[in-house]
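# Summary of the model geometry
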Amino acid sequence: MPSSLNNKVIWITGASSGIGEALTYELAGLHTKLILSSRRKEELERVKGNCPVAAQTNIRILPLDLSESSTLKLSADAAIQLFGHIDVLINNGGISQRALAKETTLEVDRKIMEIDYFGTISLTKHLIPHFSITGIIGTPYRTAYAAAKHALQGFFNSLRAELWKESPSIYVTMICPGWTNTNLSLTALKGDGSAQNKKDDTHASGLTPAFVAHKIVKAIEVRKREIYVGGWKETLAAYLHRYTPGLFAKIVRKAKVK
Ligand SMILES: NC(=O)c1ccc[n+]([C@@H]2O[C@H](COP(=O)([O-])OP(=O)(O)OC[C@H]3O[C@@H](n4cnc5c(N)ncnc54)[C@H](OP(=O)(O)O)[C@@H]3O)[C@@H](O)[C@H]2O)c1
């Protein structure tokens, strides 16, 4: 099937697991050139090895740590060198949180912001001059995570408005997934910075990463501004938050989100 992403160079962060891994498989079937990034090189190699053999010749591995923002300019330069340019950056890598604000040390707040916000915008800023084309609700136990994701909304909404004039061929698509059955709740940080190491029921019964990846690729193909991909509860919550914020505030304080 022809796709607007055929032959495009696509850089995926967080490609070693969950949604990023599923995106790799979805995009590998579209005759794309892929750059896979995250910290764990061996997991990236595993994901690459699971792709069809013919697609593997067009897949490169580029390990990086989003918490080390001073190294990300080098990573962006290295990524551009791999195929000569980048068409699409999918900012997917990240970690979550499982602790009340009062239990969360400031170091943990900073760590989540460093990975989910500063790491993400750092890669984006380094790439903007090189592109050849192309958190909505807050819930308990997620103060730092919600802050980082809300910050990304603000950053990318402003960036989209800036690019419209200066670089109209660069598009910004925001993806807002609901609960998806990945490792995100295992690596989510508790208040002291240790990992939760347990999968939440909401994630275990969430959408499959493959389903979410398919919706993400469709949204990027047609250059959507923003999409919600979630089960009925999260999607309803997003709309309640937008149109009836008072009602939403009463519901979310009782929500079972752990
Ligand atoms: N699952 C959900 O319900 C859900 C819902 C809404 C949004 N999301 C978002 O979707 C994205 C992907 O999450 P997921 O659910 O697929 O979780 P996941 O399975 O835990 O995957 C997270 C990915 O991020 C990478 N990562 C974590 N810390 C990193 C760092 N310091 N530097 C570079 N890469 C790092 C991990 O790779 P390494 O460990 O190899 O570094 C992994 O590939 C996240 O941004 C998450 O916030 C998920």
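The structure contained in this document is the topic of the report that follows. Just so you know, these numbers come straight off a predicted model, no measurement behind them.

### Things to note about the overall build of the protein
- Helices and strands together make up the secondary structure of the protein, namely 11 helices and six strands.
- Whereas a compact globule of 258 residues would reach a radius of gyration of roughly 18 Å, the protein reaches 18 Å, a difference of no more than 12%.
- By principal-axis analysis of the C-alpha atoms, the protein measures approximately 50 × 40 × 35 Å.
- Going through the 258 residues of the protein one by one, you find that 45% of them count as buried.
- Working note: accessible area of the protein is about 13000 Å², and carbon and sulfur atoms make up 57% of it.

### Brief notes about the pattern of salt bridges
- Taken as a whole and assessed by the stated rule, the structure comprises seven salt bridges.
- The salt bridge involving Arg 46 is made with Glu 43; its shortest N-O contact spans 2.7 Å. Note that Arg 46 and Glu 43 are positioned in helix H2 (residues 41-49) at a spacing of three residues, about one turn of the helix.
- Using a relative accessible area of 32% as the deciding quantity, one classes Arg 46 as partly exposed.

### So, the packing of aromatic side chains
- Enumeration according to the criterion identifies five aromatic pairs in this entry.
- Note on Tyr 117 and Phe 118: the rings are 5.0 Å apart at their centroids and 75° apart in plane angle, and the pair reads as edge-to-face.
- For Phe 118, a relative accessible area of 39% corresponds to the partly exposed category.
- Geometrically, the ring pair formed by Phe 155 and Phe 156 is edge-to-face, given 5.1 Å between the ring centres and 80° between the ring planes.

Definitions and cut-offs
- Residues numbered from 1 in each chain as written.
- Predicted model: local features only at pLDDT ≥ 70, side-chain atom pairs only at ≥ 80, totals over all residues.
- Heavy atoms only, no water.
- Helix = DSSP H or I, 4+ residues; strand = E, 2+ residues; numbered from the N terminus.
- Rg over C-alpha atoms; globule rule 2.2 N^0.38 Å.
- Buried < 20%, exposed > 50% of the residue type's maximum accessible area, 1.4 Å probe, protein only.
- Areas by Shrake-Rupley, 256 points an atom, 1.4 Å probe, with all protein chains shown as cover.
- Salt bridge = Lys/Arg side-chain N within 4 Å of Asp/Glu carboxyl O.
- Phe/Tyr/Trp six-rings, centres within 6.5 Å; stacked < 30°, edge-to-face > 60°.

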